[in-house]
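# Structure assessment
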Amino acid sequence: MKKVYYQLEMYQKSPLRIGNGDNEIADSDLMVDAKGCPFIPGSSVAGVLRDLYTRRNPDVSEEEVNNLFGYIEGKQLSESHILVSDATGPENASPSDYFITVRDGIRLDEWGTAVSENKYDFQVTETKKPYYTVLEWTGEDKDWKTEIVNGLEPLMSDIAAKGISFGAGTTRGYGKMEVSIRKKEFDFPQDIQAWLKFDPLTREAFEKERVLEAKGLGDAEIKIQAEIKVERSFSVPVCNYEEKPLISGTSWAGIFRHHMRAILRNLGLDRAERCGTELNLLFGMGEAEGEHIRSGICFGETVVDGSIPYSIQRNAVDRFTQAPRNTALFLNELWNGGKGRLDITVERSRINKLQAQLLAISLIDLDLGLMTFGGGTGVGLGRCRISCIKVNGKDFTQNIKKQDSNFLEEYL
């Protein structure tokens, strides 16, 4: 018999949104432990690992996946070969180490207009503290090659190279983690004494073990990194824990989806069928729209550095007469200038030539100021330029400047 342990040390690269089912503080309260510190349940970690394993090993049979991760189907069940602990912070962590805020969400219709009575809010957390989770695999020698050498080992190397995401909104930039992995092995019966002294849930248990080498499992993704420079002013409602303004992944997704839909309409394609089908296949859709389709495109958050905040007083204007309303003076918080980075990741298997051209045209329009972000876009706010853009490490800045909409096609 063998035992293999993997310790994942994870650092947040974006806010974590993982709900506990309650709505006392927001519509979706954050999962916290008895001390008030956020954590990720082991069941969530196991679910994400299983999903990654099946997506990145499409040729593996369902029986092999069930043997490794377990399953319950009616009265039939199979115990998992892997035990997964909760992902928690260091023992000395306190609630003050976590920046917990409430963010707003709202559903938009196909025209980009807010759907009535569809506003909600949710808690997210940001921290510089690490999270630790431990995987414990137990199996016989006959399972070693299939489940460890050809299964978990390459998966762990891929996670170390690309990171991992947890919670809700992962395709919109939430819950992204940078991961460092250490491994410990035991063979029985010769290692029985060493195993009895080993406590996998202590941080020091893995200190002397080497960090697992980070290796990607092939180029199954198109990674776009666009350095943007804000032109003049913009208005966004959210700041991070450093009080820097940010454009959330959900905002970017809505902006791109709405703009791409408008392009399709301008091309004269059928609005009800072609527009909806092409965009739903790429951006995903919920069961409320008829079918559940996971998004194949992920937008990261853009933190804008170097912006200068300022306020202006404005009058609310009557929509019919355009005259100022009485007692409707308000302050508008704005930011001026700054730089940031827009990260877009697309699954190669989920994008076709038309979708790639729509995405490329949208990036060109972003550089031209024809696609804007934040509030007040109708009065000139939220314009930016792309100073540099790379796709899987290759520079395509000149393609954007020359308005070449075919530069993504070589990755299809």
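In this report, the structure presented in the accompanying data block is examined.

Rules of the game
- Residue positions are counted from 1 within each chain, in the order its sequence is given.
- Where local features are concerned, this predicted model is filtered to residues with pLDDT of at least 70; where side-chain atom pairs are given and counted, the filter is 80 or more; whole-chain, interface and lining totals use all residues.
- Each side-chain value is derived from all of the structure's non-hydrogen atoms; neither hydrogens nor water enter the calculation.
- Only buried Ala, Val, Leu, Ile, Met, Phe, Trp, Tyr and Cys residues count toward a nonpolar core, and they belong to the same one when joined by side-chain atoms within 4.5 Å.
- Burial here depends on accessible area, computed with a 1.4 Å probe over protein chains only, as a share of the maximum for the residue type. Under 20% is buried, over 50% is exposed, and the range in between is partly exposed.
- In this text, helices come from DSSP runs of H or I with a minimum length of four residues, and strands from runs of E with a minimum of two, each type numbered from the N-terminal end.
- The contact criterion used is simple: two residues touch if any of their non-hydrogen atoms lie within 4.5 Å.
- Helix axes use the C-alpha atoms of the stretch in contact, all axes being lines fitted to C-alpha atoms, and the angles between their N-to-C directions lie in the range 0 to 180 degrees.
- Comment on the angle field: the value is read as roughly parallel under 35 degrees, roughly antiparallel over 145, roughly perpendicular from 65 to 115, and oblique elsewhere.
- Should the near helix be turned anticlockwise from the far one by less than a right angle, the crossing is termed left-handed; should it be turned clockwise, right-handed.
- All amino acids are sorted into three groups, where Ala, Val, Leu, Ile, Met, Phe, Trp, Tyr, Cys and Pro are nonpolar, Asp, Glu, Lys and Arg are charged, and the leftover types, Gly among them, are polar.
- Pairing of aromatic rings covers Phe, Tyr and the six-membered ring of Trp, with a centre-to-centre limit of 6.5 Å; geometry is then stacked below 30 degrees between planes, edge-to-face above 60, and tilted otherwise.
- Following DSSP output, two strands are said to pair if at least two bridges run between them.

Membership of the largest hydrophobic core comes to 44 residues, with the highest contact counts inside it found for Ile-224, Trp-252, Phe-256, Phe-299, Ile-344, Leu-363 and Phe-373. Those elements giving two or more residues to this core turn out to be strand 10 (221–231), helix 5 (249–266), helix 6 (271–283), strand 13 (297–299), strand 17 (339–347), helix 7 (353–368) and strand 18 (383–391). Leaving out residues up to four positions away in the same chain, Phe-299 has contacts with Thr-171, Arg-172, Gly-173, Gly-249, Trp-252, Ala-253, Phe-256, Phe-283, Leu-342, Asp-343 and Ile-344. Leu-8, Met-10, Ala-160 and Ile-181 belong to the second largest nonpolar core, which has 38 residues in total.

A word on the packing of helix 1 (residues 42–56) against helix 2 (residues 62–69). At a closest axis distance of 11 Å, the pairing of helix 1 and helix 2 adopts a crossing angle of 155°. Regarding the angle of helix 1 to helix 2, the classification is roughly antiparallel. Considering the relative orientation of helix 1 and helix 2, their crossing is right-handed. Two secondary-structure elements touch here, helix 1 through Ala-46, Leu-49, Arg-50, Tyr-53 and Thr-54 and helix 2 through Val-65, Asn-66, Leu-68 and Phe-69. Considering only residue class, the contact of helix 1 with helix 2 consists of six nonpolar, two polar and one charged.

What follows is about the packing of aromatic side chains. One pair of aromatic rings is described through two measures. These are the centre distance and the angle between the planes. Applying the stated criterion across every chain yields a total of 18 aromatic pairs. Summarising the aromatic geometry, the rings of Trp-137 and Trp-144 are spaced 6.2 Å apart at their centres and angled 65° between planes, so their arrangement reads as edge-to-face. One exposure class covers both Trp-137 and Trp-144, and it is buried. Ring geometry for Phe-256 versus Phe-299: centroids 5.2 Å apart, planes at 40°, classification tilted.

All right, on to the sheet that holds strand 13 then. An order of 13-17-10-18-19 is seen for the five strands of this open sheet, with the pairing classed as antiparallel. Of all strands in the sheet, those bounded by a partner on one side alone are strand 13 and strand 19 (394–395).

With antiparallel pairing, the five strands of this open sheet are ordered in space as 4-7-1-9-8. Unpaired on one side and paired on the other, strand 4 (82–84) and strand 8 (164–165) mark the two borders of the sheet. The strands that helix 3 (residues 141–162) touches are strand 1 (2–12), strand 4, strand 7 (131–139), strand 8 and strand 9 (176–187); relative to strand 1, the one it contacts most, it runs at about 10°.

Moving on to unusual backbone geometry. Across the junction of Phe-188 and Pro-189, the peptide omega takes the value 15°, indicating a cis bond. Inspection of the secondary structure assignment puts Pro-189 in the loop between strand 9 and helix 4 (192–196). Its identity is not glycine, yet Asn-392 carries a phi of approximately 50°, on the positive side. Assignment of secondary structure puts Asn-392 in the loop between strand 18 and strand 19. In this model, Gln-403 sits at a positive phi of 60°, which is unusual for a non-glycine residue. Within the secondary structure, Gln-403 is located in the segment after helix 8 (397–401).

For any two helices packed against each other, one specifies the crossing angle of their axes together with the interaxial distance. The contact between helix 5 and helix 7 brings their axes to 10 Å, and the two run at 110°. Here helix 7 runs roughly perpendicular to helix 5, going by the angle between their axes. On helix 7, the residues that touch Trp-252, Phe-256, His-259, Met-260, Ile-263 and Leu-264 of helix 5 are Leu-354, Gln-355, Leu-358, Leu-359, Ile-361, Ser-362, Leu-363, Asp-365 and Leu-366. Along the lines of polarity and charge, the residues of the contact of helix 5 with helix 7 split into 11 nonpolar, three polar and one charged.

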